[in-house]
Protein chains: 2
Amino acid sequence: MGYLVEMGLLLTVSYDGTNYCGWQDQRNGKTVQEVLNNAAGKVFNCKMTSLGASRTDAGVHALGQRIHFILSKPNVIPIGKIPLVINGYLPDDIRIIAATEVSDNFHPINEVKSKTYRYTICNTRFANPILRNYTAHVGRPLDTVKMTDAVRYFIGEHDFAAFCATGTSVTSTVRTIYQLEVARQGDVIEITISGNGFLYNMVRIIAGTLVNVGISKIRPDDIVGIIVSRERIRAGKTMPPQGLALLEIVY
Amino acid sequence: MGYLVEMGLLLTVSYDGTNYCGWQDQRNGKTVQEVLNNAAGKVFNCKMTSLGASRTDAGVHALGQRIHFILSKPNVIPIGKIPLVINGYLPDDIRIIAATEVSDNFHPINEVKSKTYRYTICNTRFANPILRNYTAHVGRPLDTVKMTDAVRYFIGEHDFAAFCATGTSVTSTVRTIYQLEVARQGDVIEITISGNGFLYNMVRIIAGTLVNVGISKIRPDDIVGIIVSRERIRAGKTMPPQGLALLEIVY
């Protein structure tokens, strides 16, 4: 009589979200999760069901998404070879870049210590075609000195209800932002943000609010009042998905 | 009786070459030139035939391609509005970023003073999906100190026959390279090269030769002998098109 062998696998995954309906499996349209489940299923010759640490939306990219598989059969592939082997079954817009074994009780969402996202803006008169799927285009010149001045008001533990897509049901809208930076490299502006977790569309709404600071529609210290108000309408617009990339998840 | 009005238009164009069979019109497959001719034709309501300063290959990108149109009818659109108006008829992977009027005897190829190209390499173990159409992936670590050491042997006037695709017919293989730089930013290596002109595939072969230096297959000062040999077989391989971008053309 056999005994049950279970192995927890944590994979680090990069993907170009342009051609996907986001991370999470759904009835309509191709998702990153579905493609990864199928590739892992072919490698291990069984049905594989992944759990992702972050549900990225359609068009959003990831450099360091984390996904968890439980393999319920003996694994004969050395852990270090797993990325290469699964990549052989993946299209070139998805790449597994690392694999590690985790304990039975590991949970890929509950155990997240921090997440880092980057929102990238192309700040030119005409959009740059080669950046069009990886940046949001903002034609008006952005004052990054003002934007940088505004970041301090976001950092720390706050109720970010004003920066959450309306209609989202969530038990608490309190989150802690550890770091927030605005950096310009030529025409490209990168907004990099780390925190213990993010509400739905929170990074894209923070980016939209920083754009309002950058075009002098609001002042840097107006951020304080927007946060306190808890009113979605007072924050900036939700910036488009293609500028967003999930950079890193730390456990 | 009317008189002939001719106006020379020089446009600066950026494009993502991923979905095109290169710049130049051909029987099979969509080209950037064809799409631009059609868009300009709709704007000016006549047949427009562009002449590009550089014939970029399939998959090659441009930030600053230059194209010349002769408009044989009165133009009612202010020159500063022309990019915006033509862009309205273009897909989002092609953008006109500047327009200027040029004299009757202007020639977009003969009058080029210098061209600048960039070849970009993603130097990671696994290819980065969001860079896959804009970089060449090299898995082996590249020593950019050695690559930088090699650039001095390319600079100046040389017979670059060893760096020209075989089977190309050209009256002279002598070209002058003004500048050549290798810069690393994290996992991305940018090779930027300016010259008075380039032979067919020359930038991609120089990039392949610098990769051979970076993996220590050849020494930096081996470049001297490769140039003198005039033998294509002694230079590195032709790197793939997607890493190449035409940055700037100066008149």
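Owing to the predicted nature of the structure, the values given are computational and were not obtained by experimental measurement. (Residues numbered from 1 in each chain as written. Chains lettered and ligands numbered in written order. Predicted model: local features only at pLDDT ≥ 70, side-chain atom pairs only at ≥ 80, totals over all residues. Heavy atoms only, no water.)

Participant: So what exactly am I meant to see when it comes to the side chain of His68 of chain B here?
Facilitator: In this fold, His68 of chain B is placed in strand β3 (residues 61-71). Contacts of His68 of chain B, omitting those with residues within four sequence positions, involve Gly8, Leu9, Thr49, Ser50, Leu51, Val102, Phe106 and Pro108 of chain B. (Helix = DSSP H or I, 4+ residues; strand = E, 2+ residues; numbered from the N terminus. Contact = heavy atoms within 4.5 Å.)

Participant: Where do I start with the pattern of salt bridges in this structure?
Facilitator: Where charged atoms from two side chains of opposite charge approach closely, those side chains can pair. All told, the structure shown has 16 salt bridges over all chains when counted by the stated rule. A salt bridge links Asp92 of chain A to Arg132 of chain B; its shortest N-O distance comes to 3.2 Å. Highlighted residues: Asp92 of chain A in the loop between α2 (82-87) and β4 (94-102) and Arg132 of chain B in the loop between β5 (114-122) and β6 (136-137), drawn from two different chains. You can call Arg132 of chain B buried: its relative accessible area is 17%. Asp159 of chain A is paired through a salt bridge with Arg230 of chain A; the nearest N and O atoms lie 2.6 Å apart. Pair noted here: Asp159 of chain A is in strand β7 (residues 156-159) and Arg230 of chain A is in the loop between α5 (222-229) and β10 (244-250), with a separation of 71 residues, a long-range link. Here Asp159 of chain A falls in the partly exposed class, since its relative accessible area comes to 23%. Several salt bridges converge on common partners, so that one network encompasses Asp16 and Asp92 of chain A together with Arg132 of chain B. (Salt bridge = Lys/Arg side-chain N within 4 Å of Asp/Glu carboxyl O. Buried < 20%, exposed > 50% of the residue type's maximum accessible area, 1.4 Å probe, protein only.)

Participant: How do you make sense of the pairing of strand β1 (residues 7-15) of chain B when you look at a structure like this?
Facilitator: Successive side chains on a regular strand alternate, one facing one side of the sheet and the next facing the other. Residue and element names in this part refer to chain B. Counting buried positions along β1 gives nine out of nine residues, so the element sits mostly inside the fold. Of the two faces of β1, both are covered, the one formed by Met7, Leu9, Leu11, Val13 and Tyr15 as well as the one formed by Gly8, Leu10, Thr12 and Ser14. Two strands pair when backbone bridges link them, and β1 and β3 are joined in this way by eight bridges, in the antiparallel orientation. Across the sheet, Val13 pairs through a bridge with Gln65, a residue of β3. (Pairing = 2+ DSSP bridges.)

Participant: Looking at this structure, I do not really get the interface of chain B and chain A. What am I missing?
Facilitator: Contacts between the two partners involve 25 residues from chain B and, on the opposite side, 25 residues from chain A. The contact between chain B and chain A buries some 1900 Å² in all, and 63% of this surface belongs to carbon and sulfur atoms. Taken together, chain B and chain A are joined by four salt bridges. The tally of links between chain B and chain A comes to four residue pairs in polar contact (both at pLDDT 80 or more). Of all the elements in the fold, those that place two or more residues in the side of chain B that touches chain A are β1, β3, α2 (82-87) and β4 (94-102) of chain B. When residues of the side of chain B that touches chain A are assigned to their parent elements, the largest contribution, four residues, is made by β4 of chain B. (Buried area = accessible area lost by both parts, 1.4 Å probe. Polar contact = N/O pair within 3.5 Å; in protein donor to acceptor, adjacent residues only side chain to side chain.)

Participant: Could you clarify how one ought to interpret the environment of Arg232 of chain A in this entry?
Facilitator: All names here are of chain A. Mapped onto the elements, Arg232 comes out in the loop between α5 and β10. The class of Arg232 is buried, set by a relative accessible area of 19%. When the C-alpha positions of Arg232 and Ala165 are compared, they lie 7.4 Å apart, and in sequence the two are 67 residues distant. Of note is the side chain of Arg232, whose polar atom sits 3.1 Å from the side chain of Thr238.

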